Amino acid sequence: MRFPNTEQLERCRPDRQILGRYPVGNRNCFRWRPWPARFTSRVMRGQLHLEILSRGMAWLDTGTHESLHQAASYIQILEQRQGLYLQATEHLRQEALMRARLGDWAGQVECLSNLGTLHATLGDHAEALTTLFQCQQLSVQYAEVSAESRAACLVNIGHTYLALRQYPQALEYLVPGLETAAQAGDTDTQLSALSELGLVYKAQKQFPLAISTLSLGLELAQAINAQELIDLTDNLGQVYSDMGDFARARELFGESLRQSLAQEDLQGRVNAQLSLGR
């Protein structure tokens, strides 16, 4: 069923308050069909209570294993975007266990990769690495795990080592992660790997390598108008700042700020303003 937008829905349902009718959607409009008689009679006898759900409510079908996983993923994404990381972590852990019991190794790898990233976000790097190493082991063990998932796992491990300032270990995973993502055509993971690699090279004072790596990421991000363009621009500005080229650094920080304002990216705007204030 493809739902119309709100304006179309309002025009096409003048009798929306009539008891015993429900909408059936098509591409352009909604029409109204009577409820089955058994439901209407139960409502009239007070045996069944109907309530119109307000905006913001969601009905999640959990009648099958797959729909249960989809519902859990939906809740986890909402919790993560609202900053409820502990709750999201618990949901991901439960979903990973469910997928393991069902033998869904590809789904378990995806859950573990996301779970490890959440642990890293919370600052629990030891737990993040434990989870991500389990993810990597499963991705190598089972052929049904996609190359995209293997690449994401490797890049997430590299990201965690970067946060720990263990740069040789970060390179050990970021480089193969980038290669795997490129072979799989996974542009998002490629951009993440290039951004992280640029920061590793910056930390090691390998400025020409950092500039070439981040510039490559910028070219790729510009070609597809990716969200990572903001972070890559800011990271490149940090490289020039560490090199002492403050004019070029300010130019890049300003560009990052303009991009974040245009895309309404609050975190990107904060990062750019902090960089400009240094």
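Description of the structure in this document.

**Here's the deal with the overall build of the chain**
Step number 1: Tallying secondary structure elements over the chain gives 13 helices and 2 strands in all.
Step number 2: Within the chain, the proportion of its 278 residues that are buried is 38%.
Step number 3: Looking at the chain alone, contacts between residues at least 24 apart form 45% of all its contacts between residues at least 6 apart.

**Things to note about the pattern of salt bridges**
Step number 1: Inspection of every chain in the model, using the stated rule, returns 5 salt bridges.
Step number 2: Between Glu 255 and Arg 258 there is a salt bridge, with the nearest N and O atoms lying 2.8 Å from each other. In this pair, Glu 255 and Arg 258 both sit in helix α12 (residues 246–262), 3 residues apart, roughly one turn of the helix.
Step number 3: Glu 255 sits in the partly exposed class, given a relative accessible area of 30%.
Step number 4: Linked through salt bridges whose partners overlap, the residues forming this network are Glu 95, Arg 99 and Asp 104.

**Side note on α12**
Step number 1: With 17 residues, α12 extends 24 Å from end C-alpha to end C-alpha; this agrees with the ideal 24 Å at 1.5 Å per step.
Step number 2: Where α12 is concerned, the buried positions are Ala 249, Leu 252, Phe 253, Gly 254, Ser 256, Leu 257, Gln 259 and Ser 260.
Step number 3: Where α12 is buried, its residues meet α11 (229–243) and α13 (266–276).

**Let's talk about the nonpolar core**
Step number 1: Ranked by size, the top nonpolar core spans 45 residues in total, and within it Ile 157 and Leu 236 carry the most contacts.
Step number 2: Those residues in contact with Ile 157 that sit more than four places away from it in its chain are Leu 129, Leu 132, Phe 133, Gln 136 and Tyr 173.

**Section: the packing of helix α8 (residues 167–184) against helix α9 (residues 187–203)**
Helix-helix packing: each pair is described by the crossing angle between the helix axes and the interaxial distance.
Step number 1: Where α8 contacts α9, the two axes come as close as 9 Å, and the packing angle between them is 150°. As far as their axial angle goes, α9 and α8 are roughly antiparallel. Between α8 and α9 lies a crossing whose hand is left-handed. Listed contacts from α9 to Tyr 167, Ala 170, Leu 171, Leu 174, Val 175, Leu 178, Ala 181 and Ala 182 of α8 are Thr 189, Gln 190, Ala 193, Leu 194, Glu 196, Leu 197, Val 200, Tyr 201 and Ala 203.
Step number 2: Here the residues of the contact of α8 with α9 sort into 14 nonpolar, 2 polar and 1 charged.

**Some details on the packing of α12 against α13**
Step number 1: Running from N to C, α12 and α13 cross one another at 160°; their axes reach a closest spacing of 8 Å. Taken as axis vectors, α12 and α13 run roughly antiparallel relative to one another. Both α12 and α13 take part in a crossing whose hand is left-handed. Where α12 approaches α13, its residues Arg 250, Phe 253, Gly 254, Ser 256, Leu 257, Ser 260 and Leu 261 are matched on the opposing element by Gly 268, Arg 269, Ala 272, Gln 273, Ser 275 and Leu 276.

**Some words on unusual backbone geometry**
Step number 1: Even without glycine at this site, Arg 165 takes up a positive phi of about 65°.
Step number 2: Structurally, Arg 165 can be placed in the loop between α7 (147–163) and α8.
Step number 3: Its identity as a non-glycine residue notwithstanding, Lys 205 has a phi of 65°, on the positive side.
Step number 4: With respect to the helices and strands, the residue Lys 205 is situated in the loop between α9 and α10 (207–224).
Step number 5: On the basis of relative accessibility, which here comes to 56%, the residue Lys 205 falls in the exposed class.

**Section: helix α5 (residues 105–121)**
Two residues of an α-helix separated by three or four positions point the same way, owing to the 3.6 residues in each turn.
Step number 1: With 17 residues, α5 should cover 24 Å at 1.5 Å per step; its first-to-last C-alpha distance of 24 Å lies within 8% of that length.
Step number 2: Turning to α5, its buried residues are Gly 107, Gln 108, Val 109, Cys 111, Leu 112, Ser 113, Leu 115, Gly 116, Leu 118, His 119 and Ala 120.
Step number 3: Positive backbone phi, at 90°, marks Gly 123, one or two positions downstream of α5.

**With respect to the packing of aromatic side chains**
Step number 1: What the rule picks out here adds up to 3 aromatic pairs.
Step number 2: Between Phe 133 and Tyr 173, the aromatic rings sit 6.0 Å apart at their centres with planes inclined by 55°, giving tilted as the arrangement. Taken together, the residues Phe 133 in helix α6 (residues 125–141) and Tyr 173 in helix α8 connect sequence positions 40 residues apart.
Step number 3: According to the relative accessible area criterion, Phe 133 is partly exposed, its value standing at 28%.
Step number 4: Using a relative accessible area of 13% as the deciding quantity, one classes Tyr 173 as buried.

**Some words on a nonpolar patch on the surface**
Step number 1: There is a patch of nonpolar side chains on the surface, built from Leu 266, Val 270 and Leu 274 and spanning about 280 Å² of accessible area.
Step number 2: Assignment of secondary structure puts Leu 266 in helix α13.
Step number 3: Owing to a relative accessible area of 53%, Leu 266 belongs among the exposed residues under this scheme.

About the cut-offs
Residues numbered from 1 in each chain as written. Predicted model: local features only at pLDDT ≥ 70, side-chain atom pairs only at ≥ 80, totals over all residues. Heavy atoms only, no water. Helix = DSSP H or I, 4+ residues; strand = E, 2+ residues; numbered from the N terminus. Buried < 20%, exposed > 50% of the residue type's maximum accessible area, 1.4 Å probe, protein only. Contact = heavy atoms within 4.5 Å. Salt bridge = Lys/Arg side-chain N within 4 Å of Asp/Glu carboxyl O. Expected span 1.5 Å × (residues − 1). Core = buried A, V, L, I, M, F, W, Y, C linked by side-chain atoms within 4.5 Å. Axes fitted to C-alpha atoms, helices over the stretch in contact; angles between N-to-C directions. Parallel < 35°, antiparallel > 145°, perpendicular 65-115°, else oblique. Left-handed = near helix turned anticlockwise from the far one by under 90°. Nonpolar A, V, L, I, M, F, W, Y, C, P; charged D, E, K, R; others polar. Phe/Tyr/Trp six-rings, centres within 6.5 Å; stacked < 30°, edge-to-face > 60°. Patch = residues over 30% accessible without salt bridge, like charges linked within 9 Å, V, L, I, M, F, W, Y side chains within 5 Å. Areas by Shrake-Rupley, 256 points an atom, 1.4 Å probe, with all protein chains shown as cover.

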